[in-house]
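Spelled out, the chains give:
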Amino acid sequence: MKIKKICKCILLMLCFGFLSCNLLGENKAPYIIDGKMVLEDSSKYEIAGFDFLFINQNEKTVKNFTVVFYMFDEDGNPIGTGRNNVVLKVTSEVQGGKSIAGCINLDSYLNEIPSEPYEIEYLYVSQITYDDNSKWTDPFGLCVF
């Protein structure tokens, strides 16, 4: 019985999140993001990094944004070491219609050195803060999935 209540609550949260994107006229995310885990030598990390490309599709200038993704091994299983989910805040100005590329250190999310880069899945931006301090939010990535 408890499981049914939990499932109903999760379903309601998902529906509310989906509806909030559509009801607010935000049926399209104001960004495009792509990224992958890298293991090559770099001055930005010791073990691994997250190489990304973020495109601001809004006319406002982005002040910062929060990236969320999950890491899986080559068999599609959640990584068994460290944390599977990653939440990264990127503080970089991105003019409207422009893009930014970068690499973020993932060392604190790992407990061992992987032999191959982990797969990055369910990549989305959960929050964007614009230079006028307005915010766009999508805490569960429902506007892009």
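This is a predicted model, so every value here is computed, not measured. (Residues numbered from 1 in each chain as written. Predicted model: local features only at pLDDT ≥ 70, side-chain atom pairs only at ≥ 80, totals over all residues. Heavy atoms only, no water.)

For the rest of this paragraph, the subject is the environment of M37. Here M37 lies in strand 1 (residues 31-38). On the basis of relative accessibility, which here comes to 4%, the residue M37 falls in the buried class. For the pair M37 and C103, spaced 66 residues apart in sequence, the C-alpha separation works out to 9.2 Å. Leave out the neighbours within four places in its chain, and M37 touches A48, G49, M71, L106, L110, P114, P117, Y118 and I120. (Helix = DSSP H or I, 4+ residues; strand = E, 2+ residues; numbered from the N terminus. Buried < 20%, exposed > 50% of the residue type's maximum accessible area, 1.4 Å probe, protein only. Contact = heavy atoms within 4.5 Å.)

The next point concerns the pairing of strand 2 (residues 49-56). Relative to strand 2, strand 1 runs antiparallel, the two being bridged by eight bridges. Across the sheet, G35 pairs through a bridge with F52, a residue of strand 2. In terms of strand pairing, strand 2 meets strand 5 (residues 99-105) through seven bridges, oriented antiparallel. In the sheet register, F50 faces strand 5, and the bridge partner there is I104. (Pairing = 2+ DSSP bridges.)

Let's shift gears to the side chain of N56. Along the chain, the position of N56 falls in strand 2. Polar contacts involving the side chain of N56 include one to the main-chain carbonyl oxygen of K60, which spans 2.7 Å. Here Q95 takes part through its backbone oxygen, which lies 3.4 Å from a polar atom of the side chain of N56. Once residues within four sequence positions are removed from consideration, N56 is found in contact with P30, T61, V62, V94, Q95, G96, G97 and K98. (Polar contact = N/O pair within 3.5 Å; in protein donor to acceptor, adjacent residues only side chain to side chain.)

Within the chain, Y122 stands out as a residue other than glycine whose phi angle is a positive 55°. With respect to the element layout, Y122 can be found in strand 6 (residues 119-130).

For the protein, mean pLDDT is 85; residues scoring 70 or higher make up 79% of the total. Note on residues 4-9: pLDDT under 50 across the span, and zero contacts to partners over four residues away in sequence or across chains. The low-confidence segment residues 14-20 (pLDDT under 50) makes four contacts with residues lying over four places distant or belonging to another chain. (pLDDT = per-residue confidence, 0-100.)

Here we take up a negative patch on the surface. On the surface, a cluster of negative charge is contributed by E74, D75, E116, E119 and E121. The class of D75 is exposed, set by a relative accessible area of 60%. (Patch = residues over 30% accessible without salt bridge, like charges linked within 9 Å, V, L, I, M, F, W, Y side chains within 5 Å. Areas by Shrake-Rupley, 256 points an atom, 1.4 Å probe, with all protein chains shown as cover. Salt bridge = Lys/Arg side-chain N within 4 Å of Asp/Glu carboxyl O. Lys, Arg positive; Asp, Glu negative; His and termini not counted. Charge placed at Lys NZ, Arg CZ, Asp CG, Glu CD.)

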